[in-house]
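Coordinate analysis (summary)
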Amino acid sequence: MTTDGLKTLRALAKIINESVDTLETAYTKAGQPLPPLDAPFDPSNPAEKVRDEPAVATAILNIMAATSQMAATVRAPAASVLDASQAFHLSACLRVASELNVVEILREGGSQGLNVKDIAAPSKADPALLARFLRLLATHNIFREVSPNVFANNRVSSALDKGKTSEALYANRPERLLGTNGVAALAEFFSEDIFKSSAWLADTILEPKEGQLPYNKAFGTDLPLYYYMQKPENLYRLQRFGLGMQGTAATESPDAIFTGFEWGSLPEGGVLIDVGGGNGFTALTIAQKHPKIKVIVQDLDVEGAKTLWKDSFPAHVEKNLVEFQAYDFFNPQPVKDADVFMLRYIAHNWNDGLFTKILKNLRDSAKPTTKLIIIEKILSLASAAPATDIPGAQKPSAPAPLLPNWGVGTAEFYLYDMAVHTMLGGGERTLAGFVDVLAAGGWKVTSVHHTTGSQLSHIVALPN
Ligand SMILES: C[S@@+](CC[C@H](N)C(=O)[O-])C[C@H]1O[C@@H](n2cnc3c(N)ncnc32)[C@H](O)[C@@H]1O
């Protein structure tokens with residue numbers, strides 16, 4: 001049975017209006033204006049905190065889902081599908097802008113904007129071509145074309161700001177991303193490594209070869225991504241990836257990590273192992289708030305973690321309350337007395353067979369009370385969420401006629417799902433997927449916490 005499209009359109013418009021009302025109430029109550037799109041983003045602006053309120057977060061999801069659903073309803077379908085088939089140009093232009101440090105040049109140029117000739121001067125790029133790249137981005141609300149060929153930052157583009165002068169960025173290219181918040185690093189990783197890999201997606205489906213992922217085709221290597229990045233000639237790539245992982249935090253509220261598992265429940269001197277911790281910045285955030293916790297950061301390479309901790313939390317380093325262990329989690333876990341094994345953004349990298357091996361290694365070293373905390377996105381299907389009796393696990397569904405998973409409002413889940421497939425053959429999991437793979441690895445899920453201000457959930461498990 002078909003419904004009248006106009007009825008749906010009206011229902012969507014109503015959701016948008018009600019959501020705008022919710023925003024108005026929340027910003028008025030906070031005494032803060034809603035930051036406009038045309039002004040650069042300032043993370044220290046107290047108005048940015050308003051987005052953490054659950055009602056505001058839901059209103060934002062409603063607006064994103066409803067506007068895109070409306071556009072898809074009214075637009076010529078061929079135009080929509082052909083735009084989607086060329087979405088890669090957006091990634092390509094974004095990478096150019098970030099690599100040429102356009103955001104920093106524009107920050108220095110001020111709100112009136114800069115002529116593209118001045119933007120192109122430090123890199124000697126062709127100004128006419130650069131203007132076309134920036135215009136495509138401006139058309140998608142990334143940058144602003146103030147007047148013909150004059151561009152300025154807006155709220156979205158300025159999130160890529162590396163926080164350094166453009167002169168410093170050009171003077172030291174190999175270290176341009178070091179010391180940044182990681183957002184540009186992550187965007188460059190996505191728009192280069194994942195973009196190039198993704199270009200081979202269909203080929204690897206049409207002509208599958210055992211063990212060959214889109215990433216292997218794109219980079220001409222048989223090595224799995226993490227081992228490939230350990231090669232000395234890939235140091236820049238490895239550092240960029242590590243910083244990019246830090247950049248994932250920028251899409252979350254800084255307090256999000258404290259809205260799930262209660263880290264304060266660990267005993268004095270309790271041992272938290274950040275397994276595959278990268279720079280170890282998540283454990284660092286936890287330890288800064290709960291300095292009684294002893295942290296062990298484990299990863300294939302722990303040099304980045306050592307630097308970050310020495311710079312950001314020297315007191316914990318001096319008190320020997322943090323250790324750095326170069327460790328491959330496909331080998332037996334060397335620490336036998338852990339209170340918590342924390343795995344953030346690890347599970348989704350590996351298919352069930354490989355992740356089960358990692359889980360079994362942890363299980364073999366666990367005490368009966370050791371908690372496993374998996375920090376990941378839990379994938380919803382694009383249909384209504386099934387019921388669950390695991391405490392805390394039930395997720396809400398969006399109100400009809402929105403897609404039950406809030407459509408593009410939760411696109412990040414499905415984009416990461418693609419990224420981990422192209423790179424590693426992994427994938428995001430539904431709750432049932434987590435329960436099954438954890439059981440195969442010797443763990444039983446006891447509770448789930450959906451965090452506030454982040455799309456990550458904390459899945460808590462005990463040895464089975
Ligand atoms: C997606 S990153 C997540 C890093 C960190 N947990 C975070 O949340 O930012 C995955 C991490 O797993 C590490 N890794 C990959 N293979 C590994 C292995 N075999 N043993 C230990 N760590 C590994 C990578 O080096 C990388 O730091």
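As annotated in an unreviewed UniProt entry, the protein chain carries the name S-adenosyl-L-methionine-dependent methyltransferase and comes from Mycena indigotica.

1. Considering the overall build of the protein chain
Across its full length, the protein chain holds 19 helices and ten strands. Relative to its length of 464 residues, the protein chain is compact, with a C-alpha radius of gyration of 23 Å against a globular reference of 23 Å. Structurally, the protein chain occupies a C-alpha span of about 65 × 60 × 55 Å along its principal axes. Looking at the protein chain as a whole, 45% of its 464 residues are labelled buried. Nonlocal contacts in the protein chain, meaning residues at least 24 apart in sequence, comprise 70% of its contacts between residues at least 6 apart. By element, 59% of the accessible surface of the protein chain is carried by carbon and sulfur atoms, the whole surface being about 22200 Å². Within the protein chain, the 49 negative side-chain charges are centred at a point lying 1 Å from the centre of the 42 positive side-chain charges.

2. Digging into unusual backbone geometry
Note that the residue after A400, namely P401, is joined by a cis bond; omega there is 5°. On the secondary structure map, P401 appears in the loop between β8 (371-376) and α18 (411-424). The backbone of N101 shows a phi angle near 55°, a positive value even though the residue is not glycine. On the secondary structure map, N101 appears in the loop between α4 (88-99) and α5 (102-109). Backbone geometry at W406 places phi at a positive 65°, although glycine is not the residue there. Structurally, W406 is set in the loop between β8 and α18. Judged by relative accessible area, W406 falls into the buried class, the value being 9%.

3. Concerning the packing of α4 against helix α7 (residues 127-139)
Here α4 crosses α7 at 120°, and the two axes come no closer than 9 Å. On the basis of their axis angle, the class for α4 and α7 is oblique. When you trace α4 past α7, the crossing you get is left-handed. Where α4 approaches α7, its residues H89, L90, C93, L94, V96 and A97 are matched on the opposing element by L130, F133, L134, L136 and L137.

4. Describing the UniProt feature "domain: O-methyltransferase dimerisation" (unreviewed entry) in the protein chain
When the UniProt feature table is mapped to this numbering, "domain: O-methyltransferase dimerisation" (unreviewed entry) covers residues 84-160. Helix makes up 52% of residues 84-160 and strand 12%, and the two end C-alpha atoms of the span are 23 Å apart.

5. Topic: the packing of aromatic side chains
Taken as a whole and assessed by the stated rule, the structure comprises 16 aromatic pairs. Pairing F329 with W350 gives two aromatic rings, centres 6.0 Å apart and planes at 90°, and the pair type is edge-to-face. With a gap of 21 residues between them, F329 in the loop between β6 (322-326) and β7 (340-344) and W350 in the loop between β7 and α17 (352-364) connect regions that are remote in the sequence. Judged on exposure class, the residue F329 and its partner W350 are both buried. Here the aromatic residues F189, F190, Y226, F241, F329, F330, Y345, W350 and Y416 are joined through ring pairs into a cluster of three or more.

6. So, the packing of helix α9 (residues 183-198) against α18
Axes are the key here: two packed helices are described by the angle between their axes and the distance separating the axes. Two elements in contact, α9 and α18, have axes whose closest approach is 10 Å; the angle formed by their N-to-C orientations is 60°. Taken together, the axes of α9 and α18 lie oblique to each other. The hand of the α9/α18 crossing is left-handed. Contact with α9, carried on its side by L186, F189, F190, I194, S197 and S198, involves Y416, A419, T422 and M423 of α18 and no other residues of that element. Here the residues of the contact of α9 with α18 are counted per class, giving seven nonpolar, three polar and no charged.

7. A word on helix α14 (residues 281-289)
Buried within α14 we find F281, T282, A283, L284, I286 and A287. Residues of α14 that are buried sit in contact with α13 (235-247), β4 (271-275), β5 (294-299), α15 (303-312), α16 (314-318) and β7.

8. Structural notes on the side chain of S166
Summarising the element assignment, S166 is placed in helix α8 (residues 166-171). Take S166: its relative accessible area is 12%, and that puts it in the buried class. If we ignore the near neighbours within four places in the chain, the residues touching S166 are E104, I105 and E108.

9. Re the pattern of salt bridges
Should the charged atoms of two oppositely charged side chains come close, the side chains can pair. Within this structure, the stated rule accounts for 25 salt bridges. A salt bridge links R237 to E192; the shortest N-O distance between them is 3.2 Å. In this pair, R237 sits in helix α13 while E192 sits in helix α9, placing the two residues 45 residues apart along the sequence. When its relative accessible area of 15% is taken as the criterion, R237 is described as buried. Using a relative accessible area of 9% as the deciding quantity, one classes E192 as buried. We note a salt bridge from K231 to E233, for which the minimum N-O separation is 3.7 Å. Looking at E233, the relative accessible area reads 58%, which means it is exposed. Shared partners join several salt bridges into a network, and the residues in it are R95, E99, R173, E192, D193, K196, R237 and R240.

Cut-off values and rules
Residues numbered from 1 in each chain as written. Predicted model: local features only at pLDDT ≥ 70, side-chain atom pairs only at ≥ 80, totals over all residues. Heavy atoms only, no water. Helix = DSSP H or I, 4+ residues; strand = E, 2+ residues; numbered from the N terminus. Rg over C-alpha atoms; globule rule 2.2 N^0.38 Å. Buried < 20%, exposed > 50% of the residue type's maximum accessible area, 1.4 Å probe, protein only. Contact = heavy atoms within 4.5 Å. Areas by Shrake-Rupley, 256 points an atom, 1.4 Å probe, with all protein chains shown as cover. Lys, Arg positive; Asp, Glu negative; His and termini not counted. Charge placed at Lys NZ, Arg CZ, Asp CG, Glu CD. Axes fitted to C-alpha atoms, helices over the stretch in contact; angles between N-to-C directions. Parallel < 35°, antiparallel > 145°, perpendicular 65-115°, else oblique. Left-handed = near helix turned anticlockwise from the far one by under 90°. UniProt positions renumbered as here; feature names shortened; annotations may be inferred. Phe/Tyr/Trp six-rings, centres within 6.5 Å; stacked < 30°, edge-to-face > 60°. Nonpolar A, V, L, I, M, F, W, Y, C, P; charged D, E, K, R; others polar. Salt bridge = Lys/Arg side-chain N within 4 Å of Asp/Glu carboxyl O.

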